[in-house]
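# Reading the structure
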Amino acid sequence: MMRKQQTFSRGLSDKVRKSKAAPEIQKNPFEVKINRKKFDVLGRKSKHDVGLPGVSRSRAIQKRKDTLLKEFRLKDKNNTFIDRRFGEYDSKLTPEEKILQRFTLERQRTQDRKDMYNLNEEEELTHYGQSLAEMEKMTDVIDSDSDSEEKGLLSAELTATHFGGGGGLLRKKSAGDEEEEHKPRSRQELIEELIFKSKQEKRERQTQKEEAQELTEKLDQEWKSIQNLLAHKTPKAERTDETDKPKLDQYDMMVRELGFEMKAQPSEKLKSAEELAREERQRLQTLEADRLKRMMGDAEEDAVQTNTHVSADDMNDGFILDGDDRKTLAYKDGKWNIEGEEEEKEDEDGDEEGGEEEDEDDEDDAEGEDDEEEEGEDDEEDDADEDHCDLQSDEGSEDEDGQGAEEEQLCAEEPPAVSEEQKKAAQEAARAELPYTFPAPESYSDLKQLLQGHGSEQQRLILDRTLKCNHPSLSAGNKAKLQKLFGFLLEYVGDLATQNPPDLRTVSALIPQICGLCQMFPEAACKAVQTLLSDSGHSMEETLEVKGRAPMPDLDMLVLLKITALLFPSSDFRHPVTTPAFLFLSQALTRCAVVSLEDVCKGLVLCCLALEYVSLSQRIFPELLNFLLGLLHLTVSDKHNMGTAVCVCVCVCVCVCVSVSQVFLNQCRISILLCVDLIITLLCDLHREILDAIPEKPSQHAPLVFKKKKPIPLKLFTPKIVQILDYGKKRGNTKEEKERERLKHKYKREFKGALREIRKDTRFLAREKLSDVMSRDAERKRKVKELYGSLATQEGEWKALKRKNRK
Amino acid sequence: MAPSTDSNVKDENSQVSYKKDINTKTGRILQNKKHSNDIFDVIEYLQSEKDKEIIFATNACKRVFCQLFYRGDLYVGDLPQEEELMSGDRSAEEKYRIFMRHRYNNCVELLLENMGHEAFQVKEASLCALMKFVEAEGKHPLQNLDLIEHYIFPRELLRTLVEHLLSTEEDMSLLISRFQEFLEMDDVRYYVMSSVRDNIYRVMGRNKKAVIPVYQNNVYTLLSNINVPSQGSKMKHFLVKQAYRPEEWKAGKLKEHKRAFEQMWLLFLKFKLPSSMYKKILVILHESIMPQMSDPTLLIDFLSAAYDIGGAISLLALNGLFILIHKHNLDYPDFYKKLYSLLDPSIFHVKYRARFFHLVNIFLSSTHLPAYLVAAFVKRFARLSLTAPPTALLILLPFICNLIRRHPSCRVLIHRPSAAEEPCDDPYVIEEEDPAQCHALESSLWEIKTLQKHYHPDVAKAAMKINEPLTEQEEEISEVLELSTFELMERDLKAERKTIPLEFDTATELLKSPREVLGVHFSLE
């Protein structure tokens with residue numbers, strides 16, 4: 001039964017394979033199996049409603065026959081690989097010899113061929129009919145026609161000679177070359193001649209090609225030069241002139257046409273920052289060269305020229321600059337109100353015993369001056385400040401006098417800048433003038449050397465030029481250099497602030513450069529400021545631990561804090577630089593001991609800085625208020641005369657503070673009032689002012705309430721209605737679970753399928769084996785039968801013979 | 001060059017000579033009684049100008065007299081006067097002993113004097129020699145004692161030693177720390193304690209209870225070096241072994257030790273102390289003094305006196321008081337009231353801030369405190385927080401929140417829906433000393449609201465928490481207790497930031513920016 005079906009299906013499958021018109025079979029009701037559907041779903045198309053089991057079975061069997069059966073048949077029948085190359089298994093031969101032998105064999109093999117008409121001595125290797133040697137070159141583009149020429153080795157003549165027989169050729173030759181008609185040439189000769197000719201032809205072709213190539217190259221070069229010309233925007237008039245010139249060369253015409261076409265491109269494109277920087281540097285370099293020339297003192301005229309030139313180049317800060325001049329300038333510049341006190345401090349350091357007295361004297365002075373001030377007029381803020389400043393400058397006036405005298409001496413010693421000899425003057429000037437290019441300083445001392453001994457404006461100029469010369473886009477290393485430069489600059493600024501007298505004017509002049517650098521490299525700038533802050537914070541912490549009290553931060557820190565405020569936004573909620581800066585301010589205001597007037601002043605600067613930090617963000621700074629309160633108490637409890645000026649400052653700050661930080665503090669108000677009451681005789685106006693600033697009645701607050709939250713809805717028992725998007729038995733809620741389910745399902749299906757396939761395979765094999773056995777048996781039976789038959793006939797014959805004999 | 005080398009040679013010569021001299025003399029003394037007069041020369045060296053000679057002589061004396069002790073060549077019993085030596089009819093042997101005993105006494109006197117020498121090496125050598133003598137005397141008593149009545153210990157010698165150790169003129173802390181190794185021995189410790197007590201009594205009585213900082217510092221150093229072992233079974237380490245009934249010896253009993261320790265400290269604390277001394281004592285009080293006393297409650301007088309002093313001393317006294325209240329069932333009236341009055345802005349700036357907050361946290365951890373009290377504390381802390389530095393605020397704000405969590409009735413301080421939208425003055429009276437009268441429960445924590453605009457982001461965040469209902473979980477404040485400003489600074493410095501915002505409008509001058517304050521009040525010139 002089974003067998004029958006098999007044969008039936010086999011036959012059918014063959015039919016199917018042969019006839020591609022499947023519809024016939026599909027229509028055959030005996031072939032088709034209809035899969036019954038449980039439910040009829042509208043609008044759903046299923047692929048598998050009709051199946052053709054016979055077809056698919058035959059297909060599967062065929063496939064097995066092609067693959068599995070073949071494998072089965074070949075099972076346990078291994079092949080061996082035998083290397084038949086010459087001398088492969090001959091151990092006596094050395095590899096070189098082997099290779100040589102093989103090569104000769106190979107040559108012999110090729111020599112045997114009958115390719116005598118191949119004109120090349122060596123056999124040409126080809127790939128897809130193209131010469132490999134040709135392909136390797138690749139560089140020179142070969143025209144398609146030349147290619148074809150190359151390919152068709154057999155010219156008409158050749159073919160004629162080759163195939164048309166020797167007679168034709170002879171005839172032709174005799175017709176062509178009358179001069180050599182006498183000599184009857186042999187076939188060999190003729191062929192040689194032919195070969196020679198074709199070689200010559202080939203050589204000619206080659207030279208022609210080379211020439212063409214040379215020409216193209218030349219053309220290219222010329223075109224380039226012309227393109228350069230075009231890139232430079234030549235004035236229109238010139239260009240027209242050029243075109244007017246009668247040059248009617250075809251080639252030139254072509255080139256020009258091309259040139260005009262190119263004009264459509266913008267000849268002067270927008271310069272990138274890089275190009276601008278390069279240009280700037282070039283400019284500076286040329287100027288530098290000029291300067292050097294003048295320094296050598298070549299020409300007086302040049303000096304005059306540069307004079308004008310320099311003025312045009314924003315060098316209006318004096319052409320003749322000698323160190324002495326600068327010094328006085330710097331001294332007048334760097335005069336901050338703190339500076340005086342620093343000097344005072346140094347004095348104190350010098351003679352500690354006398355220091356105290358001096359201090360008191362100063363205070364007395366202060367009192368006197370302030371009294372006058374108060375009597376004279378009651379202008380509060382600026383006057384007080386100025387007063388204070390005056391005071392300080394008075395204190396430092398002795399020093400100033402002394403120094404001034406020294407400087408005068410120096411002045412006298414210096415030769416006058418305007419000398420009779422023009423040349424010398426020019427030299428001097430050139431020397432005094434700044435160079436135009438600067439290398440980026442590699443270390444702090446380099447920077448110091450670079451900047452020291454110049455006026456503030458010049459220093460700014462030097463920095464500016466350094467930045468331009470070392471723009472990061474100009475070379476790869478410049479970025480790192482400039483990043484380092486920022487750190488050095490900060491250090492330099494700190495030095496300027498700590499030197500005596502502090503040169504704050506210069507610091508101020510350098511600010512734009514610092515800002516620029518900071519904008520270029522925010523990370524590096526951030527790092528640099530952070531390290532400075534953390535260093536000083538750490539040292540303050542250490543001194544606090546060791547001594548229990550720390551001195552007020554020096555002027556360099558104050559300047560750094562100010563610069564920080566300029567560079568980084570202090571209004572950020574959290575900022576890698578300003579937040580530590582805040583903490584540093586707080587630390588300084590809370591932990592530092594106020595022992596002198598100088599400390600008071602520093603503290604006030606810190607207060608102003610703090611105020612500036614929070615002015616935009618309107619934040620509260622408790623330490624600021626603490627410090628001011630402490631100062632007020634100090635002024636009240638101490639000698640009355642000690643710091644009226646200070647007190648004024650404090651009050652000013654408090655005013656500002658109260659008005660700015662709108663956060664109102666009862667406690668603060670009360671204390672201020674208390675203090676102010678005490679010095680009312682001196683500062684009644686100020687008192688009034690402060691009272692004005694502070695509202696009469698303490699403001700009222702609403703009691704605190706939590707932020708209103710959305711009420712959490714009650715749990716309801718109505719059914720939850722959820723839109724179902726995908727039907728079917730898909731379990732799992734989350735995406736991952738669904739995916740997992742899907743994969744599981746897939747795996748199961750695959751597993752089942754594989755199992756089924758394997759079963760089918762084994763079944764197929766078993767069947768094949770059985771059929772093998774059957775066929776073998778049948779064969780054997782047949783043979784046995786044959787033998788029996790032959791034996792029977794033999795027997796029969798023998799018997800017949802016997803019978804015959806008997807007869 | 002030449003003279004210096006000469007002097008060097010001479011020095012060396014003299015060095016060699018004095019060493020040789022002393023060595024030969026000690027050898028001769030010990031060999032033969034005939035040469036006993038050489039002891040005078042050796043003792044002479046104790047008064048030498050040179051430190052090395054003194055040290056060498058000290059060691060020699062130590063050797064000689066220890067040997068003599070061992071031989072029993074020192075007179076035992078009441079010593080007759082040296083003048084009487086000739087008159088009395090004593091045997092030569094006895095005379096020799098009496099003579100040697102007198103030399104021994106001389107030597108001890110000189111050594112005691114040397115303990116006040118400038119050079120530490122001399123002091124140290126003298127101290128060691130004396131302690132050696134103490135040991136030798138303990139083994140070979142110089143007094144005829146009724147063995148049943150008394151245990152043998154050279155109390156007198158130790159007493160004079162302690163007296164010299166606790167100098168009223170000189171800081172002996174180095175020597176005292178050297179002396180500590182002898183205090184490891186239980187009997188020495190015991191007798192030192194009793195002699196210290198006598199000494200304090202005598203010296204302070206003589207000075208009419210005035211403050212003697214140097215002396216008190218010495219006493220403090222000595223006392224703080226005394227450690228009573230925690231278990232009686234460990235008391236096995238004696239300098240002098242007692243042959244007779246060692247288990248009944250007072251120096252071998254923990255109880256006696258504790259009593260002596262206690263009496264010594266109490267006597268010391270009874271007198272007026274300089275304030276720095278107060279701080280020192282209070283810092284170590286709770287961990288090294290109180291556990292070793294037999295009855296720590298006796299410290300209450302001292303502690304309450306310290307608590308009343310105010311300032312940092314009061315804060316420190318809290319610790320001792322806490323142990324008394326907590327472990328010894330002490331009832332301290334108005335404890336919380338006093339604690340409340342301790343709170344002023346200075347608590348944020350003292351060195352012992354961490355310890356103080358730790359304690360206050362413990363004191364206020366009880367959930368049985370009345371709400372008005374907790375509210376008063378909370379409100380006061382909030383008011384004080386307006387003057388606190390950020391490091392203190394980072395402790396204070398979670399602390400306040402914790403208090404409100406523990407006492408839900410204090411929640412009105414941050415959430416009073418009944419009176420919402422009705423502005424009012426702050427009913428809290430900060431000047432009021434009594435937490436019951438300060439109307440804290442009627443107030444709200446506007447101060448924390450103010451701190452929400454604090455410049456430091458962490459503080460502002462911590463203050464924001466009162467806007468929402470507080471979570472159940474208390475915040476741990478122990479890890480921020482020791483936070484320093486620099487550590488806080490480093491948090492920001494070390495944090496990885498991707499972008500660094502910059503001020504967008506670039507400045508042109510130092511004192512020219514859109515929001516200039518510094519430039520308004522100060523100028524460059």
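Given the structure is predicted, the values throughout are model-derived calculations rather than measurements. (Residues numbered from 1 in each chain as written. Chains lettered and ligands numbered in written order. Predicted model: local features only at pLDDT ≥ 70, side-chain atom pairs only at ≥ 80, totals over all residues. Heavy atoms only, no water.)

Here we take up the overall build of chain B. Counting its secondary structure elements, chain B contains 22 helices and zero strands. Counting the 525 residues in chain B, one finds 51% classified as buried. Once local pairs closer than 6 in sequence are excluded, the contacts in chain B between residues at least 24 apart make up 73%. For chain B, the computed accessible surface area is about 24800 Å², with 50% contributed by carbon and sulfur atoms. (Helix = DSSP H or I, 4+ residues; strand = E, 2+ residues; numbered from the N terminus. Buried < 20%, exposed > 50% of the residue type's maximum accessible area, 1.4 Å probe, protein only. Contact = heavy atoms within 4.5 Å. Areas by Shrake-Rupley, 256 points an atom, 1.4 Å probe, with all protein chains shown as cover.)

Summing up its helical and strand segments, chain A has 31 helices and four strands in all. Across the 807 residues of chain A, 31% fall into the buried class. Across chain A, the fraction of contacts at a sequence separation of at least 24, relative to all contacts at a separation of at least 6, is 72%. Accessible area of chain A: about 54800 Å², with a carbon and sulfur share of 54%.

All right, on to the packing of helix α22 (residues 504-520) of chain A against helix α24 (residues 555-567) of chain A then. Residue and element names in this part refer to chain A. Two numbers describe how α22 lies on α24: the axes approach to 11 Å, and their chain directions differ by 40°. It follows that α22 is oblique to α24 by the angle criterion. The two elements α22 and α24 meet at a crossing, and its hand is right-handed. Residues Leu504, Val507, Ile511, Ile514, Cys515 and Cys518 of α22 touch α24, and the partners they reach there are Leu555, Val559, Ile563, Leu566 and Leu567. When its residues are assigned to classes, the contact of α22 with α24 shows 11 nonpolar, no polar and no charged. (Axes fitted to C-alpha atoms, helices over the stretch in contact; angles between N-to-C directions. Parallel < 35°, antiparallel > 145°, perpendicular 65-115°, else oblique. Left-handed = near helix turned anticlockwise from the far one by under 90°. Nonpolar A, V, L, I, M, F, W, Y, C, P; charged D, E, K, R; others polar.)

Residue and element names in this part refer to chain A. Considering the arrangement of structural elements, one finds Pro435 in the loop between α18 (422-432) and α19 (444-451). Taking the relative accessible area as the measure of exposure, Pro435 reaches 22% and is therefore partly exposed. For the pair Pro435 and Gln285, spaced 150 residues apart in the sequence, the C-alpha separation amounts to 9.1 Å.

What follows covers the packing of aromatic side chains. Under the counting rule described, the total for this entry stands at 16 aromatic pairs over all chains. Aromatic pair A:Phe621 and B:Tyr455: ring centres 4.2 Å apart, planes at 15°, arrangement stacked. A residue pair is termed interchain when its members come from two chains, as with A:Phe621 in the loop between α26 (597-615) and α27 (622-637) and B:Tyr455 in the loop between α19 (446-451) and α20 (457-464). The same class applies to A:Phe621 as to B:Tyr455, namely buried. With a centroid separation of 6.3 Å and 15° between ring planes, the pair formed by B:Phe348 and B:Phe357 is classed as stacked. The same class applies to B:Phe348 and to B:Phe357, which are both buried. A network of ring pairs unites the aromatic residues B:Tyr307, B:Phe322, B:Phe335, B:Tyr336, B:Tyr340, B:Phe363 and B:Phe377 as a single cluster. (Phe/Tyr/Trp six-rings, centres within 6.5 Å; stacked < 30°, edge-to-face > 60°.)

This brings us to helix α25 (residues 578-591) of chain A. Residue and element names in this part refer to chain A. For α25, spanning 14 residues, the distance from its first C-alpha to its last is 19 Å, which sits close to the expected 20 Å at 1.5 Å a residue. Among the 14 residues in α25, 12 count as buried, and that is most of the element. Those residues of α25 not exposed but buried are Thr578, Thr579, Pro580, Ala581, Phe582, Leu583, Phe584, Leu585, Ser586, Gln587, Ala588 and Leu589. (Expected span 1.5 Å × (residues − 1).)

Here the focus is a nonpolar patch on the surface. On the surface, a nonpolar cluster with roughly 320 Å² of combined accessible area is contributed by A:Tyr747, A:Phe751 and A:Leu755. On the secondary structure map, A:Phe751 appears in helix α31 (residues 735-806). (Patch = residues over 30% accessible without salt bridge, like charges linked within 9 Å, V, L, I, M, F, W, Y side chains within 5 Å. Salt bridge = Lys/Arg side-chain N within 4 Å of Asp/Glu carboxyl O.)

Next up on the list: the UniProt feature "transmembrane region" (unreviewed entry) in chain B. Residues and elements named next belong to chain B. Sequence positions flagged by UniProt for "transmembrane region" (unreviewed entry) are, in local numbering, residues 302-325, 356-378 and 384-404. The distance from the first to the last C-alpha atom of residues 302-325 is 15 Å, and the span holds 92% helix and 0% strand. Here residues 384-404 is 81% helix and 0% strand, with 17 Å between the C-alpha atoms at its ends. (UniProt positions renumbered as here; feature names shortened; annotations may be inferred.)

Even without glycine at this site, A:Asp76 takes up a positive phi of about 60°. Among the structural elements, A:Asp76 can be located in the loop between α3 (53-74) and α4 (95-112). Exposure remark for A:Asp76: the relative accessible area of 69% places this residue in the exposed category. The phi dihedral of B:His439 falls on the positive side, at around 55°, and the residue is not glycine. As for its placement among the helices and strands, B:His439 is situated in the loop between α18 (390-406) and α19.

A separate point is the side chain of A:Thr564. All names here are of chain A. On the secondary structure map, Thr564 appears in helix α24. The exposure class of Thr564 is buried, given its relative accessible area of 0%. Here Thr564 is in contact with Val529, Val577, Thr578, Ala581 and Tyr613, once residues within four sequence places are set aside.

On to the packing of α18(B) against α20(B). Residue and element names in this part refer to chain B. Closest axis-to-axis distance for the α18/α20 pair is 9 Å, and the angle between their directions is 20°. By the angle between their directions, the pair α18 and α20 is classed as roughly parallel. The crossing of α18 and α20 is left-handed. Note on element contacts: α20 touches α18 through Asp458, Val459, Ala462 and Ala463, opposite Pro390, Leu393, Leu394 and Leu397. Its residues assigned to classes, the contact of α18 with α20 shows seven nonpolar, no polar and one charged.

Turning to the confidence of the model for chain A, a few remarks are in order. Detailed reading of predicted coordinates is not advised where the pLDDT is low. All names here are of chain A. Within chain A, residue pLDDT values average 68, and 57% of them lie at 70 or more. Within chain A, the lowest mean pLDDT, 36, falls on helix α14 (residues 323-333), and the highest, 93, falls on α31. Segment residues 297-420: pLDDT under 50, and 137 contacts once partners within four positions in sequence are set aside and those in other chains are kept. Low pLDDT, under 50, characterises residues 639-645; the stretch is placed with 14 contacts to residues that sit more than four places away or in other chains. (pLDDT = per-residue confidence, 0-100.)

A few words on the pattern of salt bridges. Residues and elements named next belong to chain A. The full count for this structure, using the stated rule, is 16 salt bridges over all chains. Between Arg73 and Glu768 there is a salt bridge, with the nearest N and O atoms lying 3.7 Å from each other. With Arg73 in helix α3 and Glu768 in helix α31, the pair connects residues that are 695 residues apart, well separated along the chain. Here Arg73 falls in the partly exposed class, since its relative accessible area comes to 35%. Salt bridges sharing common partners tie together Arg64, Glu757 and Asp761.

Bringing helix α17 (residues 371-385) of chain B into the picture now. Residues three or four positions apart in an α-helix share a direction because the helix packs 3.6 residues into each turn. If you check α17(B), its first and last C-alpha atoms are 21 Å apart, about what 15 residues at 1.5 Å a residue would give, namely 21 Å. By the criterion of burial, α17(B) is predominantly enclosed, with 13 of the 15 residues buried.

Below, the discussion takes up a positive patch on the surface. All names here are of chain A. A cluster of like positive charges, contributed by Arg57, Arg740, Lys744, Lys748, Lys752, Arg756, Arg759, Lys760 and Arg763, occupies part of the molecular surface. Ranked by residue count, the leading element in the positive patch is α31, at eight residues. Within the secondary structure, Arg759 is located in helix α31. (Lys, Arg positive; Asp, Glu negative; His and termini not counted. Charge placed at Lys NZ, Arg CZ, Asp CG, Glu CD.)

Turning next to the environment of B:Val429. All names here are of chain B. Positionally, Val429 belongs in the loop between α18 and α19. Using a relative accessible area of 31% as the deciding quantity, one classes Val429 as partly exposed. Distance in space between the C-alpha atoms of Val429 and Ser443 is 9.7 Å, their sequence separation being 14 residues.

Here we take up a negative patch on the surface. On the surface, a cluster of negative charge is made up of A:Glu210, A:Glu211, A:Glu214, A:Glu217 and A:Asp220. By the secondary structure assignment, A:Glu210 is in helix α9 (residues 187-231).

With that settled, the discussion passes to the confidence of the model for chain B. All names here are of chain B. Model confidence for chain B is summarised by a mean pLDDT of 75, while 79% of its residues fall at 70 or above. Predicted confidence in chain B is weakest over helix α1 (residues 2-31), with a mean pLDDT of 60, and strongest over α18, with 89. Below pLDDT 50 for its whole length, residues 1-11 participates in zero contacts with residues either more than four positions away or in separate chains. For this predicted complex, the interface confidence score (ipTM) comes to 0.72, while the overall pTM stands at 0.54.

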